[in-house]
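Breakdown of the fold
Each chain, letter by letter, is given below.
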Amino acid sequence: MTTFTIYPAIDIRGGKAVRLVQGDYAQETVYNDSPVQAARDWEAQGASWIHLVDLDGAKAGHPVNAELIGEIARSVSVPVQLGGGLRTEEDVERLLSLGVSRVILGTAAIEDRAFVERVLARHGGRVAIGIDAKDGYVATRGWLETSEVKAEELARELAAKGAETFIFTDISRDGMMQGPNVEAIRSLAAYSGADVIASGGVSRIEDLRTLVEHAGEGIRGAIVGKALYTGAISLAEAVRELEPQGRRQGN
C-alpha cells in the first residue's frame, strides 16, 4: 500500500501553540498554552509524525524557540519535522542535534540556493523543502514577501539537486477551511518527481480522502492544523482510516 501520513501541526509563537489565517500574524488564535502537551495529545491520538513551525523564527530569520522544540522532540516517541527561520548550516545542525528528525527549508531555497544544496548534500532525506505559493509564485519570509520564482520551477530545480520531499502550501487556502488546491499539489508532484506533502486548506476528512486517492502520484501526506483544533477532523479516526498500519506503528 502506498504510504500516506497525516501530520498534525503545531505552530509556535510566544511559547504557545497558535494558528494564523493566511500567515497573518495579526489573525492569531491560541489553541494550547503548552506546545509540549499538544504534541503528546496528538501522539496519543495516533500521530506517526508531528509537524512543528517556529513562527517567531520564520519572522526573525533564525530559530527563536529552539529549546522548546527540543523539549517537544524529547517528549514524544514519534518523529518531528520543523520549519521556520532555518537559514544557516549551524541552525540546521543545532535543531537536528536537539532531536528534530527532519528540517524544512523555505525562504532559503530562494535566497541562498548554495546553502540549501549543501544541506541537501549533507543530510539528504532529513531535509524537506517548503514551498509556499501565492498565485503560483513562491512566498518567503513567513509569507510576508512574494518572489518572482514559480513554485513548479523551484521544485524541479531542487529535486535535481537531491530534494526528496516538498511541503506545498497554497497560501490562499491556509486557515480558510476551504479544502486544499489538489490540482496544484498534483502538478508540483508531477513536475518534480518527488514526494509532496500537502499543507493548507484541509477542512474535513473528505479532503484527506481526496488527497489519498493521489498518493500514487506522489502526494504522500497532509499537514492538518485548524481542522484538528476545532474538531472538524478527528485525528484518531483519520489515522485509522487513511494511514497504513505500519506507518501508524512508526515502521
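None of these values were measured; they are calculated from a predicted model. (Residues numbered from 1 in each chain as written. Predicted model: local features only at pLDDT ≥ 70, side-chain atom pairs only at ≥ 80, totals over all residues. Heavy atoms only, no water.)

Turning to the packing of helix H9 (residues 205-212) against helix H11 (residues 235-242), a few remarks are in order. Running from N to C, H9 and H11 cross one another at 25°; their axes reach a closest spacing of 11 Å. By the angle class used here, H9 and H11 are roughly parallel. When you trace H9 past H11, the crossing you get is right-handed. Facing H9, whose interface residues are Ile205, Leu208, Arg209 and Val212, H11 presents Ala238, Glu241 and Leu242. Class assignment of the residues belonging to the contact of H9 with H11 gives a composition of five nonpolar, no polar and two charged. (Axes fitted to C-alpha atoms, helices over the stretch in contact; angles between N-to-C directions. Helix = DSSP H or I, 4+ residues; strand = E, 2+ residues; numbered from the N terminus. Parallel < 35°, antiparallel > 145°, perpendicular 65-115°, else oblique. Left-handed = near helix turned anticlockwise from the far one by under 90°. Contact = heavy atoms within 4.5 Å. Nonpolar A, V, L, I, M, F, W, Y, C, P; charged D, E, K, R; others polar.)

Bringing the pairing of strand S11 (residues 195-199) into the picture now. For S11, a buried count of four out of five residues is recorded, marking the element as mostly surrounded by other parts of the structure. As judged from the five bridges shared by strand S10 (residues 165-170) and S11, these two strands associate in the parallel manner. The residue of S11 that forms the bridge with threonine 169 is serine 199. The pairing of S11 with strand S12 (residues 219-224) spans four bridges and is parallel. Within S12, the position partnered with isoleucine 197 by the bridge is glycine 221. Crossover connection from S11 via H9 to parallel S12: handedness right-handed. (Buried < 20%, exposed > 50% of the residue type's maximum accessible area, 1.4 Å probe, protein only. Pairing = 2+ DSSP bridges. Right-handed = clockwise from strand over helix to strand, strands pointing away.)

Glancing now at helix H4 (residues 89-97). Taken together, the buried positions of H4 are Asp91, Val92, Leu95 and Leu96. The buried residues of H4 occupy an angular sector of 130° when projected down its axis, which confines them to one face. The exposed residues of H4 that point more than 90 degrees off its buried face are Glu90 and Ser97. Among the structural elements, helix H3 (66-75), strand S5 (80-83), strand S6 (102-105) and helix H6 (113-123) are those in contact with the buried residues of H4. Glycine 99 lies just past H4 and shows a positive phi near 115°. (Arc of directions from axis to C-beta.)

Structurally, arginine 74 can be placed in helix H3. A residue is classified by how much of its surface remains accessible, and arginine 74, at 59% relative accessible area, is exposed. Separated by 25 residues in the primary sequence, arginine 74 and glycine 99 place their C-alpha atoms 6.7 Å from one another.

All right, on to the pattern of salt bridges then. Once their charged atoms are close, side chains differing in charge can pair, the charge on each being opposite to the other. Tallied over the full model, the rule gives eleven salt bridges. Among the ionic pairs, arginine 122 bridges to glutamate 93, the shortest N-O distance being 2.7 Å. Note that arginine 122 is positioned in helix H6 and glutamate 93 in helix H4, a separation of 29 residues in sequence. You can call arginine 122 exposed: its relative accessible area is 60%. Note on glutamate 93: relative accessible area 30%, which makes it partly exposed. Of the charged contacts in the structure, one is a salt bridge between aspartate 195 and arginine 220, with a shortest N-O distance of 3.4 Å. Taken together, the residues aspartate 195 in strand S11 and arginine 220 in strand S12 connect sequence positions 25 residues apart. Aspartate 195 sits in the partly exposed class, given a relative accessible area of 28%. Overall, arginine 220 belongs to the partly exposed group, its relative accessible area being 24%. Connected via shared salt-bridge partners are Glu183, Arg186 and Glu217. (Salt bridge = Lys/Arg side-chain N within 4 Å of Asp/Glu carboxyl O.)

Each pair of aromatic rings is reported with the distance of its centres and the angle of its planes. The final tally for this structure, using the stated rule, is three aromatic pairs. Relative to tyrosine 229, the ring of tyrosine 31 lies with its centre 4.9 Å away and its plane at 25°, an arrangement referred to as stacked. Placement of the pair is tyrosine 31 in strand S3 (residues 24-32) and tyrosine 229 in helix H10 (residues 226-229), with a sequence separation of 198 residues. Plain terms: the ring middles of tryptophan 42 and tyrosine 229 are 5.3 Å apart, the flat faces sit at 80° to each other, and that makes the pair edge-to-face. Of the two residues, tryptophan 42 is situated in helix H1 (residues 35-44) and tyrosine 229 in helix H10; the sequence distance between them amounts to 187 residues. Here a set of aromatic residues connected by ring pairs shows up, and it is made of Tyr31, Trp42 and Tyr229. The ring of tryptophan 49 has arginine 102 lying over it, and the distance from NZ or CZ to the ring centre is 4.3 Å. (Phe/Tyr/Trp six-rings, centres within 6.5 Å; stacked < 30°, edge-to-face > 60°. Lys NZ or Arg CZ within 6 Å of the ring centre and 35° of its normal.)

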